[in-house]
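Survey of secondary and tertiary structure
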Amino acid sequence: MFVYFIRGVFIGLLFGLPAGAVGVMTVQRTWNHGVCAGLLTGFGSSVADCIYACIGAFGLTVVSDFLLKYQTIIHLAGGVLVLYMGICLLLGKGEGKAPHAVGEGERGSSFSFQMFLSSFAIGITNPAAIVTFLFAFSYFGISGQTTMPQGTGLVGGVFAGTYLWWTALSIGVGVLKRRKKADCFGKVNRIFGVILSGFGVAVFVRVVAGVFTG
């Protein structure tokens, strides 16, 4: 089980490094709302990765077949969410208005849950991650359906690896923020708004290209 956990950690680290939209969200939220906000955002993504790792590790083919069958629609829904969040930042709406107190009081708790839920939603709307995990498992010598202890160790390692990456990213951005003297809240939001919108548009382009070529 321990060997599978270590392998899972490496897989999680490799899987988390191409940060994508969640990485942009983590940086933006850490910069505006503190390290806890970045950790909450990364936590949502890690939970989504864990679910897909479970499907791959335990050979849940019924679930994977269903998700892969409708992956275009699911992926498109994730693209809509990313584009919406990017536009909100550009227009100064939602979390782009002013920093919230993460986890303090009813309003802060609600905002914290939104941070978790939004990153989880983006992570879970990428069913192709199942295939990526299966490839990674095979690369690390894990083939076929694992036993319960092996699978549990593997999935736990994937979670630990991905969340280790989000933790390092959040702390790194937090350290960098403390060295910045000027308050550039609005400018930072606009920059990340453009990047997130770009990710959202890219999803639409890939979907349309897949329809015409597939």
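Residues numbered from 1 in each chain as written. Predicted model: local features only at pLDDT ≥ 70, side-chain atom pairs only at ≥ 80, totals over all residues. Heavy atoms only, no water.

**Some points on the nonpolar core**
Grouped burial of nonpolar side chains is what soluble globular proteins tend to show. In plain terms, the rule: We call a set of buried residues a nonpolar core when its members are Ala, Val, Leu, Ile, Met, Phe, Trp, Tyr or Cys and they connect through side-chain atoms within 4.5 Å of each other. When a residue's accessible area, from a 1.4 Å probe over protein chains only, is under 20% of the maximum for its type it is buried; when over 50% it is exposed; and in between it is partly exposed. Note on contacts: a residue pair is in contact if any heavy atoms of the two residues lie within 4.5 Å.
The biggest cluster of nonpolar side chains holds 19 residues, and the ones touching the most others in it are Ile11, Tyr52, Phe133, Phe137 and Leu154. In contact with Tyr52, other than residues within four places in its own chain, are Leu67, Gly123, Ile124, Thr125, Asn126, Pro127, Ala129, Ile130 and Phe133. By size, the runner-up hydrophobic cluster in this structure holds 16 residues, among which are Ala21, Val22, Leu89 and Trp166.

**Concerning the confidence of the model for the chain**
Heads up, the condition is: On a scale of 0 to 100, pLDDT captures the predictor's confidence in every residue. Only DSSP runs of H or I reaching four residues or more are called helices, and only runs of E reaching two or more are called strands; each is numbered from the N terminus.
The predicted model of the chain has a mean per-residue pLDDT of 84, with 86% of residues at 70 or higher. The least confident element of the chain is helix H9 (residues 185–213), whose mean pLDDT is 82; the most confident is helix H3 (residues 35–57), at 93.

**Things to note about the packing of aromatic side chains**
For the record, the criterion: A pair of aromatic rings is counted whenever rings of Phe, Tyr or Trp (Trp by its six-membered ring) have centres within 6.5 Å, and the orientation is called stacked for planes under 30 degrees apart, edge-to-face for over 60 and tilted otherwise.
In total, this model carries ten aromatic pairs according to the counting rule given. Taken together, a centroid distance of 5.7 Å and an interplanar angle of 15° make the contact between Phe159 and Tyr163 stacked. Separated by four residues within a single helix, Phe159 and Tyr163 lie in helix H8 (residues 148–178), roughly one turn from each other. We classify Tyr163 as partly exposed; its relative accessible area is 22%. An aromatic cluster of three or more residues is present, and its members are Phe43, Phe113, Phe116, Phe120, Phe159 and Tyr163.

**Structural notes on helix H1 (residues 2–16)**
Side chains three or four residues apart in an α-helix point the same way, a direct result of the helix having 3.6 residues per turn. Heads up, the rule is: Helix span, as expected, comes to 1.5 Å for every residue beyond the first.
Taking 1.5 Å of rise per residue, the 15 residues of H1 would be expected to cover 21 Å, and the 21 Å separating its terminal C-alpha atoms lies within 8% of that figure. Elements that come into contact with the buried residues of H1 comprise H3, helix H7 (129–139) and H8.

**Some words on the packing of H3 against H7**
Selection rule: Under this scheme, a helix contributes an axis fitted over its contacting stretch, all axes are lines through C-alpha atoms, and angles between N-to-C directions fall in the 0 to 180 degree range. Angle categories: roughly parallel below 35 degrees, roughly antiparallel above 145, roughly perpendicular from 65 to 115, and oblique for all the rest. Two helices crossing with the near one rotated counterclockwise from the far one by less than a right angle form a left-handed crossing, whereas a clockwise rotation gives a right-handed crossing. Under the grouping applied here, Gly and all other residues not named as nonpolar or charged are polar, the nonpolar ones being Ala, Val, Leu, Ile, Met, Phe, Trp, Tyr, Cys and Pro and the charged ones Asp, Glu, Lys and Arg.
Two numbers describe how H3 lies on H7: the axes approach to 9 Å, and their chain directions differ by 60°. Comparing their axes, H7 and H3 come out oblique. H3 and H7 meet at a crossing whose hand is right-handed. Contacts from Asp49, Tyr52, Ala53, Ile55, Gly56 and Ala57 of H3 reach H7 at Ala129, Ile130, Phe133, Leu134 and Phe137. For the contact of H3 with H7, a count of residues per class yields nine nonpolar, one polar and one charged.

**Points about the packing of H3 against H8**
At a minimum axis distance of 8 Å, the contact between H3 and H8 shows a crossing angle of 155°. Here H8 runs roughly antiparallel to H3, going by the angle between their axes. At the point where H3 passes H8, the crossing takes the right-handed sense. The class makeup of the residues in the contact of H3 with H8 is 15 nonpolar, nine polar and one charged.

**A word on helix H2 (residues 20–33)**
In this model H2 runs 20 Å from its N-terminal to its C-terminal C-alpha over 14 residues, within 8% of the 20 Å that 1.5 Å per residue would give. A large share of H2 lies buried, amounting to twelve of its 14 residues. Listed in full, the buried residues belonging to H2 are Ala21, Val22, Gly23, Val24, Met25, Thr26, Gln28, Arg29, Thr30, Trp31, Asn32 and His33. Positive backbone phi, approximately 105°, marks Gly34, located one or two places after H2.

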